[in-house]
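This is what each chain is made of:
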Amino acid sequence: MHLSDFVLLLNALWFGGAFIQFSIAQANTLKILLPREERSNPIAPTLAASVAFLGGMNLPIGLLSFYLLAARPSFFQPIEAQLALFLFFAACHFSQFAYNLPVLMRGGRVGVAYWPVLKGPMLRIFVIDAALFAANLGVALLLVSR
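Given the structure is predicted, the values throughout are model-derived calculations rather than measurements.

Colleague: So, the overall build of the protein: which residues are in play, and what are the values?
Modeller: Looking only at helices and strands, the protein features 7 helices and 0 strands. Secondary structure elements of the protein occur, N-terminal to C-terminal, as α-α-α-α-α-α-α. A buried classification covers 35% of the 146 residues belonging to the protein. In the protein, the share of contacts with a sequence separation of at least 24, taken over all contacts with a separation of at least 6, comes to 68%. Accessible surface, the protein: about 8300 Å² in total, of which carbon and sulfur atoms supply 72%. Placing the 9 positive and 5 negative side-chain charges of the protein at their respective mean positions leaves the two points 9 Å apart.

Here's what the structure looks like:
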């Protein structure tokens, strides 16, 4: 298995998992995002339902990664196409990582706002998105160096 195949597999698993987390396990996601004392807030069900949107955005990215890995379509063979798509995947991971940086800089959860970036599931998400950003960017840089 080539490095690019491995990274595509990781993308597919990660974005597919994000779909499940945000679109199917909304109640679990709410527990991550809101402190226990705020879960009875009348806005909590709206927040839980709105995270399904995040899953909806992650699903096609995961499916694209899986399709490129499994079907190896002819349009993905040129280096330029691979470069564009790995940069796209890197940007997807970076955007998810980058939006947690300000939360981290504020010290994570502040009162009832934000979520704890330095512990639990959000730390895992933060670290994995950073690592997959680097992996996709690394594949893109290897493609450029050919």
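Colleague: Pulling in residues and values, what's your account of helix H5 (residues 79-98)?
Modeller: Spanning 20 residues, H5 covers 27 Å between terminal C-alpha atoms, matching the ideal 28 Å at 1.5 Å per step. Within the span of H5, buried status applies to Ala-81, Gln-82, Leu-85, Phe-86, Phe-89, Ala-90, Cys-92, His-93 and Phe-97. Angularly, the buried residues of H5 cover 165 degrees about the axis, an arc narrow enough to put them on a single face. Tucked inside the fold, the buried residues of H5 contact helix H1 (3-24), helix H4 (52-71), helix H6 (101-105) and helix H7 (120-145).

Colleague: Requested: an account of a nonpolar patch on the surface, with residues and values cited.
Modeller: Where nonpolar side chains cluster on the molecular surface, the patch consists of Met-1, Leu-3, Phe-6 and Leu-142 and spans about 450 Å² of accessible area. Note that Phe-6 resides in helix H1. Using a relative accessible area of 41% as the deciding quantity, one classes Phe-6 as partly exposed.

What counts and how
- Residues numbered from 1 in each chain as written.
- Predicted model: local features only at pLDDT ≥ 70, side-chain atom pairs only at ≥ 80, totals over all residues.
- Heavy atoms only, no water.
- Helix = DSSP H or I, 4+ residues; strand = E, 2+ residues; numbered from the N terminus.
- Buried < 20%, exposed > 50% of the residue type's maximum accessible area, 1.4 Å probe, protein only.
- Contact = heavy atoms within 4.5 Å.
- Areas by Shrake-Rupley, 256 points an atom, 1.4 Å probe, with all protein chains shown as cover.
- Lys, Arg positive; Asp, Glu negative; His and termini not counted.
- Charge placed at Lys NZ, Arg CZ, Asp CG, Glu CD.
- Expected span 1.5 Å × (residues − 1).
- Arc of directions from axis to C-beta.
- Patch = residues over 30% accessible without salt bridge, like charges linked within 9 Å, V, L, I, M, F, W, Y side chains within 5 Å.
- Salt bridge = Lys/Arg side-chain N within 4 Å of Asp/Glu carboxyl O.

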